[in-house]
Amino acid sequence: MMTRISIDGQKFLINGVPLHQGRTYKGKSVEGLLFNCRMVQAIFDDENPETVENWAYPDTGEWDPERNVNEFIAAMPDYLAHGCTAVTVNLQGGMPITKTERDQPWVNSAIDPDGELKPVHMDRLQRLLEAADELGMIVIVGFYYFGQDKFMVSEEAVRRGTRNASRWLLDTGLENILVEINNESDVPVYVHDILKPPRVHELIELSRKEERDGRRLIVSTSFTGGSFHGSIAKGIPTEAALEVSDYALVHTNRHDTQGTRQVVQGVRQMAAYKARPMPVVINEDSISVENLFAAVEEYAPWGYYDQGDNNYRDGFQSPPVNWRINTPEKKRFFDGVAEITGCGR
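Quick caveat: nothing in here was measured; it's all calculated off a predicted structure.

1. What about the packing of aromatic side chains?
The geometry of two aromatic rings is summed up by the distance between their centres and the angle between their planes.
Then, in step 1: Scanning the model with the defined rule gives 18 aromatic pairs in all.
Then, in step 2: A ring pair is formed by Tyr79 and Phe316, whose centres lie 6.3 Å apart and whose planes are at 75°; its orientation type is edge-to-face. Here the residue Tyr79 occupies a position in helix α1 (residues 65-81), and Phe316 occupies one in the loop between β14 (303-304) and α9 (328-341), the gap between them amounting to 237 residues. An identical accessibility class is assigned to Tyr79 and Phe316; each is buried.
Then, in step 3: Where Tyr145 meets Phe146, the ring centres are 4.3 Å apart and the plane angle is 25°; that geometry is what we call stacked.
Then, in step 4: Judged by relative accessible area, which is 3%, Tyr145 ranks as buried.
Then, in step 5: For Phe146, a relative accessible area of 12% corresponds to the buried category.
Then, in step 6: Through successive ring pairs, a cluster of aromatic residues spans Phe72, Tyr79, Trp302, Tyr304, Phe316, Trp323, Phe333 and Phe334.
Then, in step 7: Over the ring of Tyr57 we find Arg67, and its NZ or CZ is 3.8 Å from the ring centre.
Then, in step 8: Positioned above the aromatic ring of Tyr312 is the side chain of Arg67, whose terminal nitrogen or guanidinium carbon lies 5.3 Å from the ring centre.

2. Topic: α9
Residues lying three or four places apart along an α-helix face the same way, a consequence of the helix completing one turn every 3.6 residues.
Then, in step 1: Taking 1.5 Å of rise per residue, the 14 residues of α9 would be expected to cover 20 Å, and the 20 Å separating its terminal C-alpha atoms lies within 8% of that figure.
Then, in step 2: For α9, every residue scored as buried is listed here: Lys330, Phe333, Phe334, Gly336, Val337, Ala338, Ile340 and Thr341.
Then, in step 3: Residues of α9 that are buried sit in contact with β4 (24-25), β6 (36-38), α1, α8 (290-297) and β14.
Then, in step 4: Two residues or fewer past α9, Gly342 is found with a positive phi of approximately 80°.

3. Focus: helix α6 (residues 257-268)
Then, in step 1: In this model α6 runs 17 Å from its N-terminal to its C-terminal C-alpha over 12 residues, within 8% of the 16 Å that 1.5 Å per residue would give.
Then, in step 2: Restricting attention to buried positions, one finds in α6 the residues Gly259, Thr260, Val263, Val264, Gly266, Val267 and Arg268.
Then, in step 3: Backbone nitrogen of Gln258 and a side-chain oxygen of the N-cap are separated by 3.2 Å at the start of α6; the cap is Asp256.

4. Focus: the sheet that holds strand β2 (residues 11-14)
Then, in step 1: The strand order across the open sheet built from three strands is β1-β2-β3, with neighbouring strands paired in antiparallel fashion. Two strands bound the open sheet, and with one partner strand each, they are β1 (5-8) and β3 (17-18).
Then, in step 2: By the bridge criterion, four bridges tie β1 to β2 in an arrangement that is antiparallel. Following the sheet pairing, Ile7 is matched in β2 by Phe12.

5. With respect to the environment of Gly308
Then, in step 1: Note that Gly308 resides in the loop between β14 and α9.
Then, in step 2: With 211 residues separating them along the chain, Gly308 and Ile97 place their C-alpha atoms 7.2 Å apart.

6. Considering the pattern of salt bridges
Then, in step 1: Per the counting criterion, the structure on display carries 21 salt bridges.
Then, in step 2: Put simply, Arg167 and Glu210 hold a salt bridge, and the shortest N to O gap is 3.0 Å. Of the two residues, Arg167 sits in helix α3 (residues 155-171) while Glu210 sits in the loop between α4 (200-209) and β10 (218-220), which places them 43 residues apart along the sequence.
Then, in step 3: Residue classification places Arg167 among the partly exposed residues on the basis of a relative accessible area of 32%.
Then, in step 4: Note that Asp171 is salt-bridged to Arg212, the shortest N-O span being 2.7 Å. Taken as a pair, Asp171 in helix α3 and Arg212 in the loop between α4 and β10 lie far apart in primary sequence, 41 residues in all.
Then, in step 5: Taking the relative accessible area as the measure of exposure, Arg212 reaches 27% and is therefore partly exposed.
Then, in step 6: Residues joined in a network through salt bridges with shared partners are Glu66, Asp123, Arg124 and Arg127.

The rules behind the values
Residues numbered from 1 in each chain as written. Predicted model: local features only at pLDDT ≥ 70, side-chain atom pairs only at ≥ 80, totals over all residues. Heavy atoms only, no water. Phe/Tyr/Trp six-rings, centres within 6.5 Å; stacked < 30°, edge-to-face > 60°. Helix = DSSP H or I, 4+ residues; strand = E, 2+ residues; numbered from the N terminus. Buried < 20%, exposed > 50% of the residue type's maximum accessible area, 1.4 Å probe, protein only. Lys NZ or Arg CZ within 6 Å of the ring centre and 35° of its normal. Expected span 1.5 Å × (residues − 1). Contact = heavy atoms within 4.5 Å. Polar contact = N/O pair within 3.5 Å; in protein donor to acceptor, adjacent residues only side chain to side chain. Pairing = 2+ DSSP bridges. Salt bridge = Lys/Arg side-chain N within 4 Å of Asp/Glu carboxyl O.

Below, the structure written as structure tokens:
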């Protein structure tokens, strides 16, 4: 083990040292900010034989989950060299562009319907986490994703999956991990009530209760930032979720620079935040890199989200993914983070 993430107030530390220690950008401190990129399909696979052809690599005509994770791991050093210290990886992936209907008929989950973990998927995650640990990178591990949670047979299966995933992460002995219970808990399509805003704090608490040798995980869950509700106030963490979270997770998709600032400000106006200030992390936005700079003005790290379109040229979310920094959009983000953090200079 080489990399240990911890929190001191609003700052993230690696091995006891604040990220980007002493760094300012245009008069704003960036010390302790966890710049990140949404790479949720890094351990992707599809168990549905009727949809797996959607993800075929153009050069082979076949989908290959091992190629996917190996190419991702090979690209990670380049991300870090630009100052992007964290990636988000999900056990149930994310919504790709696809030729099929958008109700997610594919089966992309490292958690089976009863809440047990699938060894092949978790082996890929183990290799990814170990590679990140050696580099000094952090992995935000998301458990559940809307559209895939429907395959869970019951609320108890969701709880079991949360316990099992938390125990598995602790058993690795690695400490370069943050947990995101589910992606955008306030999107109104989750099947199980325990994954929705009124109750998702129960799963945050469940994960935090798991311990190994006095050590527990650093846990939160994400909210949309209001983009699905027309109201920022409805899209930031609930007081109950924030009270039991170690850090605040919000998305700022569909917002301009002003909206991005308002989402961060909204979190900091909450009673639970005022009682216990914590890092506010944006781990999904868009390719609109101007929002990155707006987030920095509010002392919040920003997460790049690039949908792509299944062509192995662009994007990070639609398999087959080309994990290299190979497009102007990707380059703008990584160059922006390098400018802010002073990496490579």
